[in-house]
Amino acid sequence: MRIAVLAGGIGGARFLRGVRVACPDDDVTAVINTGDDVTLHGLRICPDLDSVMYTLGGVHDEKRGWGRKDETWRIKDELTAYGAEPSWFGLGDLDIATHLVRTRMLEAGYPLSDVTAALCQRWQPGVTVLPMSDDRCETHVVVELDGARRAIHFQEWWVRHHAKLRPEAFVQVGVDDAEPAPGVLEAIAGADVVLLAPSNPVVSIGTILGVPGIREALVSGPAPVVGLSPIVGGAPVRGMADACLPVIGVEVSAQGVGRHYGARSDGGLLDRWLVHDTDAAQIPGVEVLAVPLMMTDDDATAAMVRVALAIDR
Ligand code: GDP
Ligand code: CA
């Protein structure tokens with residue numbers, strides 16, 4: 001079976017581990033959000049790609065959720081001692097090596113998709129990991145700051161301000177000229193099923209769908225599309241989706257997100273929508289199934305993947 005998965009960082013990475021367990025012999029392509037990418041201290045940083053790569057490579061920090069396990073922070077401390085800004089972004093020593101290799105390859109002219117493939121040579125994620133686009137397309141958040149209306153980088157909003165500044169809008173700077181990375185449209189068009197990971201519907205899945213051509217490939221493609229709710233009991237399991245969804249007028253509930261994605265039979269995205277077993281949703285044209293959706297370990301995640309995939313083909 002050929003499976004295409006749209007995913008963000010931590011939620012996406014956990015979900016993909018379950019996909020790998022449920023589908024060990026299948027051909028899985030993960031299309032990853034790069035709207036969170038940022039350049040700091042001259043380093044090109046791709047948080048969601050790295051979360052996926054490290055998590056599937058088994059070298060992630062389980063407790064922190066992002067970055068490498070056994071990480072040290074000596075370089076960050078040195079940068080702080082120099083007064084080199086910004087100091088609010090977590091840059092671990094092991095992580096910096098990844099960013100150095102990536103930045104050097106990008107500066108040598110390799111596209112991000114090639115760089116990602118090269119990095120994955122080391123970590124052997126067991127699935128094909130693709131950035132949504134090779135083009136820079138960074139999410140900015142329109143906020144009121146120091147008495148003025150400003151667009152700040154998503155990382156500044158999330159990491160520096162802890163999503164406390166009320167967002168007026170999320171803007172994908174550069175999206176109009178962005179193209180899907182090589183292999184993305186092919187993976188969707190050639191898939192037997194497309195999965196929307198329980199990732200942030202606005203700043204992970206929404207960002208991927210914003211790249212011209214990707215939403216259309218899902219809506220009109222041959223494969224059924226199955227999504228899993230990141231919202232359980234009216235709140236995100238972790239992260240800031242509750243701050244993001246109201247900005248685009250979507251209720252923070254499994255039903256709200258499912259309706260936002262909409263039925264494929266009605267020009268939307270979904271054929272099937274999985275909600276947590278304590279939730280319910282009614283979405284005309286979409287088969288809704290309530291099953292345990294807590295990704296507590298790979299087996300629990302694999303179980304929801306099996307339900308997601310048991311679709312008429
Ligand atoms: P990020 O890029 O690191 O923010 O990660 P994603 O966008 O891929 O995933 C974030 C989303 O994953 C959040 O909205 C969470 O609610 C959701 N999430 C995290 N853990 C779980 C879980 O165990 N079950 C479900 N259903 N959603 C989860
Ligand atoms: Ca992210």
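Going along each chain's sequence as written, the residues are numbered from 1 onward. For naming, the first written chain is A and the first written ligand is 1, with later ones following in the order written. Local features in this predicted model are restricted to residues whose pLDDT is 70 or higher, and side-chain atom pairs enter the listing and the counts only when it is 80 or higher, whereas totals over whole chains, interfaces and linings include all residues. Hydrogens and water molecules were not included; the side-chain quantities draw on all heavy atoms of the structure.

*Asks:* Can you help me understand the coordination of the calcium ion (ligand 2) in this one?
*Replies:* Geometry sets the ideal angles at a metal, namely 109.5 degrees for four tetrahedral donors and 90 or 180 degrees for six octahedral donors. On the protein side, the calcium ion (ligand 2) has D36 (OD), D48 (OD) and D48 (OD) as donor atoms, found 2.1 to 2.6 Å from it. Here the residue D36 occupies a position in the loop between β2 (27-32) and β3 (38-40), and D48 occupies one in helix α2 (residues 47-57), the gap between them amounting to 12 residues. Across the pair, exposure class does not vary: D36 and D48 are buried alike. Sites may look incomplete because water is not among the atoms; the donors themselves are N, O and S atoms within 2.8 Å of the metal, or within 3.2 Å for Na, K and Ca. The helix and strand labels rest on DSSP assignments: H or I over at least four residues marks a helix, E over at least two residues marks a strand, and numbering proceeds from the N terminus. Burial here depends on accessible area, computed with a 1.4 Å probe over protein chains only, as a share of the maximum for the residue type. Under 20% is buried, over 50% is exposed, and the range in between is partly exposed.

*Asks:* For this particular structure, what's the right way to read the pattern of salt bridges?
*Replies:* It is possible for side chains of opposite charge to pair when their charged atoms get near one another. Basic side-chain nitrogens of Lys or Arg form a salt bridge, by our definition, when they fall within 4 Å of a carboxyl oxygen of Asp or Glu. Enumeration according to the criterion identifies 11 salt bridges in this entry. When the shortest N-O distance is used, the salt bridge between R17 and D298 registers 3.0 Å. Here D298 lies in helix α12 (residues 298-309) and R17 lies in helix α1 (residues 10-22), a separation of 281 residues in the sequence. By relative accessible area, which is 18% here, R17 ends up buried. The closest approach of N and O atoms between E138 and R44, which form a salt bridge, is 2.8 Å. Remark: R44 occurs in strand β4 (residues 43-45) and E138 occurs in strand β6 (residues 138-145); sequence separation between them is 94 residues. Residue class for E138 comes out buried when judged on its relative accessible area of 10%. Here R44 falls in the buried class, since its relative accessible area comes to 9%.

*Asks:* Would you explain the environment of L196 in this entry?
*Replies:* By the element assignment, L196 lies in strand β9 (residues 193-196). Contact partners of L196, with chain neighbours within four places excluded, come to L6, L218, V225, V226, G227, L228, Y261, L269 and L270. Pairs of residues are marked as contacts when any of their non-hydrogen atoms sit within 4.5 Å.

*Asks:* Looking at this model, I keep getting lost on α2. Mind explaining?
*Replies:* Structurally, the α-helix is built with 3.6 residues per turn, so residues lying three or four positions apart point the same way. Across the 11 residues that make up α2, a large majority, 10, are buried. Turning to α2, its buried residues are P47, D48, L49, D50, S51, V52, M53, Y54, T55 and L56. Of the residues flanking the end of α2, it is G58, one or two places downstream, whose phi is positive at about 75 degrees.

*Asks:* Would you take a moment to explain the packing of α1 against α12 for this structure?
*Replies:* Helix-helix packing is described using two parameters, namely the angle between the two axes and the distance between the axes. Angles shown run from 0 to 180 degrees and are taken between the N-to-C directions of axes, each axis being a line fitted to C-alpha atoms and, for helices, limited to the stretch in contact. At their nearest, the axes of α1 and α12 sit 7 Å apart, and the two run at 75 degrees to each other. One element, α1, and the other, α12, form an angle in the roughly perpendicular class. Between α1 and α12, the residues in contact are R14, F15, R17, G18, V19, V21 and A22 and D298, D299, T301, A302, V305 and R306, respectively. Put simply, angles under 35 degrees are roughly parallel, angles over 145 are roughly antiparallel, angles from 65 to 115 are roughly perpendicular, and the rest are oblique.

*Asks:* Can you walk me through the site of ligand 1 in this structure?
*Replies:* The cutoff for a nearby residue is simple: one of its non-hydrogen atoms must lie within 4 Å of the molecule or strand. Around ligand 1, a shell composed of 19 residues is seen, among which S199, S204, V237, L293 and M295 lie nearest. Within 3.5 Å is the distance limit for a polar contact, defined as a pair of N or O atoms, with the added protein rule that one can donate a hydrogen and the other accept it, and that residues adjacent in sequence qualify only through two side-chain atoms. Taking D48, its side chain carries an N or O atom lying 3.2 Å from an oxygen atom of ligand 1. S204 is positioned such that a nitrogen or oxygen atom in its side chain is 2.6 Å from an oxygen atom of ligand 1. Here the accessible surface of atoms and residues is derived via Shrake-Rupley with a 1.4 Å probe, and residues count as covered only by protein chains that are part of the display. Alone, ligand 1 offers 590 Å² of accessible surface; in the complex the protein occludes 92% of this.

*Asks:* In this structure, what is going on with the domain arrangement of the protein? I would like to understand it.
*Replies:* Buried accessible area, meaning the area lost when the parts come together, often serves as the stated size of an interface. Domain limits in this description derive from either an automatic procedure or a database domain assignment. The domain architecture assigned to the protein consists of domain 1 (2-135 + 177-309) and domain 2 (138-173). On a C-alpha basis, the centroid separation for the pair domain 1 and domain 2 is 21 Å. Each partner contributes to the interface: domain 1 provides 18 residues, whereas domain 2 provides 16 residues. Here's the idea: put two parts together, see how much 1.4 Å probe accessible area each one loses, and the total over both is what we call buried area. Each partner contributes to the roughly 1400 Å² buried at the junction of domain 1 and domain 2, and carbon and sulfur atoms together form 69% of this total. Our enumeration of links across domain 1 and domain 2 arrives at 1 salt bridge. Listing elements by their share of the side of domain 1 that touches domain 2, those giving two or more residues are α8 (205-210) and α10 (241-244).

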